[in-house]
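Each chain, written out:
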Amino acid sequence: LTSAIDAAERRDVAVLDLPGAYLFADMDEVVHMVLRGELAELMVQTAPEVYRKYVAYGRNGEAVLYVTLQKALYGCLKSALLFYRKLVGDMKEIGFELN
């Protein structure tokens, strides 16, 4: 439907993919996430001086790490909105207008 409108109004349209796009948007509220098992251990391997002291182990020996998100993340309901707001703000800043 939008393609038909664009064609009828003779609009120029471009489509692109921004890999990791949501990671450009900051979270605007506190969101905690739990990482378990291998993922928690990978975080420790990545930065042991940061994460090692926060890892706990469950009864089954599985590593558990609680983190607070600073950036929007795929899977969070609000991430698309946060990225949209950032994109629109950045585009307006360089002279684009919403239509």
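Residues numbered from 1 in each chain as written. Predicted model: local features only at pLDDT ≥ 70, side-chain atom pairs only at ≥ 80, totals over all residues. Heavy atoms only, no water.

A. Region of the structure containing the sheet that holds strand β3 (residues 63–68). As summarised here, the arrangement of the three strands in space is β1-β3-β2, forming an open sheet in which the pairing is antiparallel. The open sheet has two free edges, formed respectively by β1 (32–36) and β2 (56–57), since each of these has just one partner strand. With five bridges joining them, β1 and β3 adopt antiparallel strand pairing. Paired with histidine 32 across the two strands is threonine 68, which belongs to β3. (Pairing = 2+ DSSP bridges. Helix = DSSP H or I, 4+ residues; strand = E, 2+ residues; numbered from the N terminus.)

B. Representation of the pattern of salt bridges. Using the criterion set out here, one finds seven salt bridges in the structure. One salt bridge in this structure joins arginine 11 and aspartate 6, with 3.9 Å as the shortest N-O distance. Look at arginine 11 and you get partly exposed, because its relative accessible area is 36%. The buried category is assigned to aspartate 6, whose relative accessible area is 17%. Note that lysine 78 and glutamate 29 form a salt bridge whose closest N and O atoms lie 3.8 Å from each other. Of this pair, lysine 78 sits in the loop between β3 and α4 (79–93) while glutamate 29 sits in the loop between α1 (2–8) and β1, placing them 49 residues apart in sequence. Each of Asp6, Glu9 and Arg11 takes part in one network of salt bridges that share partners. (Salt bridge = Lys/Arg side-chain N within 4 Å of Asp/Glu carboxyl O. Buried < 20%, exposed > 50% of the residue type's maximum accessible area, 1.4 Å probe, protein only.)

C. Focus on the side chain of serine 79. Relative to the assigned elements, serine 79 resides in helix α4. Among the polar contacts listed, one links the side chain of serine 79 to the backbone oxygen of leucine 73, at a separation of 2.7 Å. Those residues in contact with serine 79, other than ones at most four positions away along the chain, are Tyr22, Ala72 and Leu73. (Polar contact = N/O pair within 3.5 Å; in protein donor to acceptor, adjacent residues only side chain to side chain. Contact = heavy atoms within 4.5 Å.)

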